[in-house]
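Structural description and commentary
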Amino acid sequence: MSRLSTELLIEPSIVRDNILELKNQIEDKSNFMAIIKSDAYGHILTNIVRDIDDLVDGYGVVRLEEAIELRKLSKKKILLMQGVYSNEDFLEACENSLDLVVHNSHQFEIIKKNNYFNNLWFKINTGMNRLGFEEEEFLNIYKNYLTEKKFTLMSHLSASNVPSERSNENQFKRFDRLSNKLHSEVLKSIANTGCILNFPDKSFDWVRVGIGIFGGYIGNSQLKTAMTLRSPIINIRDIKKGEKVGYDGRAIASKDMKIATVYMGYADGLPNNINDGTIVKVNNQDAKVFGKVSMDVTTVDVTNIKNCKIEDWCVFFSPKHSINNMASSNKLISYDLMIRIKSRVKRSYKKLV
Ligand SMILES: *Cc1c(COP(=O)(O)O)cnc(C)c1O
């Protein structure tokens, strides 16, 4: 008998399929930037880059360390999305031929001091109020320094996944109003995954796509989850109607039941507050979380699963069982589920054939 462990399997062929699907949605002239911050949303950045480099026009990351590591693997454009905060970091970014986001005047001081205006992306605030210049502030910089320069104007949507949300329209309006005041060679970028799918006419010159390429976008069944998270059953027991399962007795049996205990808990990165009833798969059949997630194990109702036994896999999500099921039934986001899996889970990466 081999040692039991929880596993996270990553399938790059699915990431590739998702990229092709998303590229179909945008205009031919739009460039495709794969956003691979946070270790490619948990999919192992170094491997992913090797396996998608021929399909994309560039990459976006947040940390300078990530960008430098990435530069050793790809000659494509690399955008450092948080920009730099010191002259040392600025010089290091230049040495590595990175594109830089400039989102406030503190950062622009560094650019000015070095009198270096290549490969810059100016981020403007169109309503998210997180990062980015205000319109007047940016126009001031533009008039003084950028009228003859090539650069990209960017912004980020706060609710691109909800097409009916008014903020989208308002953000597009503010983006258009400002970009219309700039010279015609300025490039534009506002689209993330949700924007591509809900507002495809806003793909402009660069799309910046993260969650979609990993199959975590809710509301599109063409995009497949590229991760499989599975854990073996380590115990099975029968309980009587009225008995309680797990901490605080949250789950109470409404009938006689069969309960499987699975070898994964919140110490492995499963959220502690997963609801009873969350669908998981055992032997390709639906089973349901029953009882609070513990540190090392989770209990699952397998009353209706045929031939269920110790060592069978309990699959939390996979290409055939979208991560969005767990996300939406628990008011969680797939982004968070992907990046929270801990290092004690055995991670493996399928070879691209
Ligand atoms: C993370 C991020 C993206 C990608 O967003 P998705 O919703 O994952 O497609 C795009 N732009 C910026 C600035 C980001 O931080």
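Residues numbered from 1 in each chain as written. Predicted model: local features only at pLDDT ≥ 70, side-chain atom pairs only at ≥ 80, totals over all residues. Heavy atoms only, no water.

**With respect to the packing of aromatic side chains**
Counted under the stated rule, the structure contains 17 aromatic pairs. Measuring from centroid to centroid gives 5.8 Å for W121 and W206, while their planes differ by 55 degrees, and the two rings are tilted. Pair noted here: W121 is in strand β6 (residues 120-123) and W206 is in strand β9 (residues 206-209), with a separation of 85 residues, a long-range link. Assigned by exposure class, W121 and W206 land together as buried. (Phe/Tyr/Trp six-rings, centres within 6.5 Å; stacked < 30°, edge-to-face > 60°. Helix = DSSP H or I, 4+ residues; strand = E, 2+ residues; numbered from the N terminus. Buried < 20%, exposed > 50% of the residue type's maximum accessible area, 1.4 Å probe, protein only.)

**Remarks on the packing of helix α5 (residues 87-95) against helix α6 (residues 105-114)**
Relative to each other, α5 and α6 sit at 65 degrees, their axes nearing to 10 Å. One finds that α5 runs roughly perpendicular with respect to α6. Relative to α6, the crossing made by α5 is right-handed. Residues N87, F90 and L91 of α5 form the contact with α6, whose participating residues are I110, I111, K113 and N114. (Axes fitted to C-alpha atoms, helices over the stretch in contact; angles between N-to-C directions. Parallel < 35°, antiparallel > 145°, perpendicular 65-115°, else oblique. Left-handed = near helix turned anticlockwise from the far one by under 90°. Contact = heavy atoms within 4.5 Å.)

**As for the pairing of strand β14 (residues 279-282)**
Only one face of β14 is buried, namely the one carrying V280 and V282, since none of I279 and K281 on the opposite face is buried. Note: β14 against strand β15 (residues 285-289), four bridges, orientation antiparallel. Of the residues in β15, the one forming a bridge with V282 is Q285. By the bridge criterion, two bridges tie β14 to strand β17 (residues 313-317) in an arrangement that is antiparallel. Across the sheet, the residue bridging to K281 is V315, located in β17. (Pairing = 2+ DSSP bridges.)

**Topic: the site of the ligand**
Contacts to the ligand come from 13 residues, most closely from K37, Y41, T193, I211 and Y335. In the environment of the ligand, an oxygen atom lies 2.7 Å from a nitrogen or oxygen atom belonging to the side chain of K37. Contact with the protein chains covers 93% of the free accessible surface of the ligand, which is 390 Å². Looking at the shell around the ligand, the elements with two or more residues in it are α2 (37-42) and β9. Taken together, the residues of the shell around the ligand break down into six nonpolar, four polar and three charged. (Near = heavy atom within 4 Å. Polar contact = N/O pair within 3.5 Å; in protein donor to acceptor, adjacent residues only side chain to side chain. Areas by Shrake-Rupley, 256 points an atom, 1.4 Å probe, with all protein chains shown as cover. Nonpolar A, V, L, I, M, F, W, Y, C, P; charged D, E, K, R; others polar.)

**What about the sheet that holds strand β2 (residues 31-35)?**
Backbone hydrogen bonds are what pair the strands of a sheet, in a parallel or an antiparallel way. The strand order across the open sheet formed by eight strands is β8-β7-β6-β5-β4-β3-β2-β9, and the pairing between neighbours is parallel. Unpaired on one side and paired on the other, β8 (187-189) and β9 mark the two borders of the sheet. On average, each strand axis in the sheet is tilted by 25 degrees relative to the strand beside it, whichever way the strands run. When β2 meets strand β3 (residues 58-61), the two strands line up parallel, connected through three bridges. Bridged to M33 within β3 is G58. Against the sheet, helix α4 (residues 64-71) makes contact with β3 and β4 (77-80), and its axis sits at roughly 170 degrees relative to β4, the strand it touches most.

**Description of the nonpolar core**
Looking at soluble globular proteins, one finds that nonpolar side chains tend to be buried together. With 107 residues, the main nonpolar core has I36, F138 and F316 as its most contacted residues. Three or more residues apiece are contributed to this core by two domains, here domain 1 (12-214) and domain 2 (227-318 + 320-349). When neighbours within four sequence positions are excluded, F138 is seen to be in contact with F122, I124, F133, L146, F151, L153, L178 and L182. By size, the runner-up hydrophobic cluster in this structure holds seven residues, among which are V245, A251, A253 and F290. (Core = buried A, V, L, I, M, F, W, Y, C linked by side-chain atoms within 4.5 Å. Domains from an automatic or database assignment.)

**Brief notes about helix α7 (residues 135-146)**
In a regular helix each residue adds 1.5 Å, so twelve residues correspond to 16 Å; α7 covers only 14 Å between its end C-alpha atoms and thus falls short of that length. What α7 keeps buried is the set E135, F138, L139, I141, Y142 and L146. Here the buried residues of α7 occupy an arc of 160 degrees about the axis, which is enough to place them on one side. Looking at α7, the residues exposed on the side facing more than 90 degrees away from the buried face are E136, K143 and N144. Taken together, the buried residues of α7 touch α6, β6, β7 (152-154) and α8 (166-179). (Expected span 1.5 Å × (residues − 1). Arc of directions from axis to C-beta.)

**So, the domain arrangement of the chain**
When cut into domains, the chain gives domain 1 (12-214) and domain 2 (227-318 + 320-349). Here the C-alpha centroids of domain 1 and domain 2 sit 37 Å apart. For the domain 1 face of the interface with domain 2, the top three residues by lost area are Y41, H43 and I211, together amounting to 47%. For the pair domain 1 and domain 2, the interface holds zero salt bridges. In this structure, the connection of domain 1 to domain 2 is made through three residue pairs in polar contact (both at pLDDT 80 or more). Taken together, the elements giving at least two residues each to the side of domain 1 that touches domain 2 come down to α2 and α3 (45-52). Here the side of domain 1 that touches domain 2 gets four residues from one element, more than from any other, and that element is α3. (Buried area = accessible area lost by both parts, 1.4 Å probe. Salt bridge = Lys/Arg side-chain N within 4 Å of Asp/Glu carboxyl O.)

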